[in-house]
Each structure stands twice: as structure tokens, then as C-alpha cells.
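Now for the letters of each chain:
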Amino acid sequence: MAINNYLDNITSQHRDKPKFISWLSKNLTIVDHAYMSIKSIDINFDIDNAIGKQLDTLGTVIGRKRVLTFQPLNNHNPVLDDETYRLVLKAKVAMNMWDGTIPQIYEIWSNIFKDIGLQIQDNQDMSFNAYITGYVNQIRTDLIQHGYIVPKPEGVRVNYIGKSIIDFTSYSGMLVATAKQEVINMSYDPKETIKFEQYQWMIVQERNKSTIKMEGDYNNGIV
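For clarity, every value in this text was computed on a predicted model and none was experimentally measured.

Reading guide: rules and limits
- Residues numbered from 1 in each chain as written.
- Predicted model: local features only at pLDDT ≥ 70, side-chain atom pairs only at ≥ 80, totals over all residues.
- Heavy atoms only, no water.
- Helix = DSSP H or I, 4+ residues; strand = E, 2+ residues; numbered from the N terminus.
- Buried < 20%, exposed > 50% of the residue type's maximum accessible area, 1.4 Å probe, protein only.
- Contact = heavy atoms within 4.5 Å.
- Areas by Shrake-Rupley, 256 points an atom, 1.4 Å probe, with all protein chains shown as cover.
- Patch = residues over 30% accessible without salt bridge, like charges linked within 9 Å, V, L, I, M, F, W, Y side chains within 5 Å.
- Salt bridge = Lys/Arg side-chain N within 4 Å of Asp/Glu carboxyl O.
- Pairing = 2+ DSSP bridges.
- pLDDT = per-residue confidence, 0-100.

K.L.:
Can you explain the overall build of the protein chain? Please cite residues and give values.
P.N.:
Helix and strand content of the protein chain: seven helices and seven strands. The helix and strand sequence of the protein chain, counted from the amino end, reads α-α-α-α-α-α-β-β-α-β-β-β-β-β. Split into buried and exposed, the 223 residues of the protein chain put 26% on the buried side. Within the protein chain, contacts between residues separated by at least 24 positions form 64% of all contacts whose residues are at least 6 apart in sequence. Accessible area for the protein chain stands at about 16,300 Å²; split by element, carbon and sulfur atoms hold 54% of it.

This is the structure we're talking about:
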């Protein structure tokens, strides 16, 4: 809404009356401000855009407070910051809408986390295992373990299991660092072939010098 659109519609017999124009402009400005405030509610209280008190208001509606019901580890503040609280509110909305099936748990999880994987194993004994794959910081770990993220039916036990998968491809390498001096004795058999796969590499970084002793003819047998 813009007041100029209304002022432009004033007829010619009143357009040259400055007092009338001033009176109408002031009244239209009040209405315009009210309209803009109402229009901004959808944006300001969108869960992705809300901050501070706006998130607190959403939490009241959704049913999840900013203050945790437990004390997180590592002296983390139980009063969540906006980013973490937004994550918790999204999870709570998903729980409220969950239909009780495992496929929808995956859908909920993928909408909340883009960098953390989840695998569900039904144990057929009123419990299931939730395997969390990827890096999860301490506060997220606490939220998961205390039931703030993964939905579950009432009376069902959840076993949370962290799992890291490292896939060494043909371009992968390993970096080893040590501060200890070592002497490695190796006996070399020229009949044995040592084959290095293409693109495999290893870096060994020593703070002190290491000595490798090898016996035998090592000019042959290396491919």
C-alpha cells in the first residue's frame, strides 16, 4: 500500500487544497503503517527468519521452550541461542506432524540436517537403534540423546549410536605425526614384490629424525 496512489485519485476540485491534502496524507500514513506491520508478520515470524522474541513466541505456539530441561555437557548454556533454538523448533514441528512411520523419520531428518546422516534399525522389541553418521557437536549430541530431535512413539526406547564412515578412495592419503624418535629394522627379501597402488600416498611427519635400517639388495624388486 502506498499513499501516493490514493492522493493521485483526488479530483481536481480538491487537489489544490493544501489543508485537505495534508489531512488526508496524515490519515493515510497511519493506515499505511498499520498495513505494513501486518504484512511483515508473515516474514518476521517465519521460522527461518524469526529472531529473539519472535522465536520465543513461536516456541510458545509450537510447544518447545528456549530453556532446556537438562544441563548440557561442557558447561554449555541451557538457554539456546537463536540458531540452535530454530533447529529445535523445526524438529518439534516435525514431531507434531509425524505419522509414526520410519520413512517419514528420514524425511524429517533430511529437512533438518543436511550434513548428518541417520539410519534406523527396528529391533522388534519396542525399541529401535538410531545410527548417527557424520560430525555432531556436543550440543547437538545432547539434544539428540534427550529426545529433542528424533521423533519416537510413546513407550518406545531409542538407542542412539554414533557412527563415522571413512572411505579411503584411490586418491586418499594418511598423515601421521609423532614426536618420538624410532629406529625401524627391516629385513628385505629381493624375491618379494612391493606394489604401490596408483595415487595412494602417505606422509610421515617427524619432529625428530627417524632411522630406517634395511638389509639386503633393495635395488631390485620394487614396482
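K.L.:
Any chance you could break down a nonpolar patch on the surface for me, citing the residues and the numbers?
P.N.:
Taken together, Ile38, Ile41 and Phe45 make up a surface patch of nonpolar side chains, about 280 Å² in accessible area. Of note, isoleucine 38 is situated in helix H3 (residues 18–44).

K.L.:
Describe in detail the pairing of strand S1 (residues 117–122), supporting the description with residues and values.
P.N.:
Bridge count for S1 against strand S2 (residues 127–133) is six bridges, and the pairing is antiparallel. In the strand pairing of S2, glycine 117 is matched with threonine 133. The turn joining S1 and S2, which pair antiparallel and follow one another in sequence, is formed by four residues; a positive phi near 60° is taken by glutamine 124.

K.L.:
Outline the confidence of the model for the protein chain, listing residues and values.
P.N.:
With 72% of its residues at a pLDDT of 70 or more, the protein chain shows a mean pLDDT of 74. Across the protein chain, element-level confidence peaks in helix H4 (residues 53–62) with a mean pLDDT of 93 and bottoms out in strand S4 (residues 173–178) with 36. Confidence drops under pLDDT 50 across residues 165–194; counting only partners more than four residues distant or on other chains, this segment forms 60 contacts. Ignoring residues within four places in sequence, the model shows residues 199–206, a span with pLDDT below 50, making 21 contacts including any to other chains.

K.L.:
Give me the pattern of salt bridges: which residues, what numbers.
P.N.:
A side chain of one charge can pair with a side chain of the opposite charge if their charged atoms are brought near each other. Under the defined criterion, the tally for this structure stands at four salt bridges. Between aspartate 82 and arginine 66 there is a salt bridge, with the nearest N and O atoms lying 2.9 Å from each other. Separated by 16 residues along the polypeptide, aspartate 82 in helix H5 (residues 82–97) and arginine 66 in the loop between H4 and H5 bring together distant segments of the chain. Given a relative accessible area of 26%, aspartate 82 falls into the partly exposed group. Look at arginine 66 and you get buried, because its relative accessible area is 14%. Each of Asp56, Arg66 and Asp82 takes part in salt bridges that share partners, so that together they form one network.

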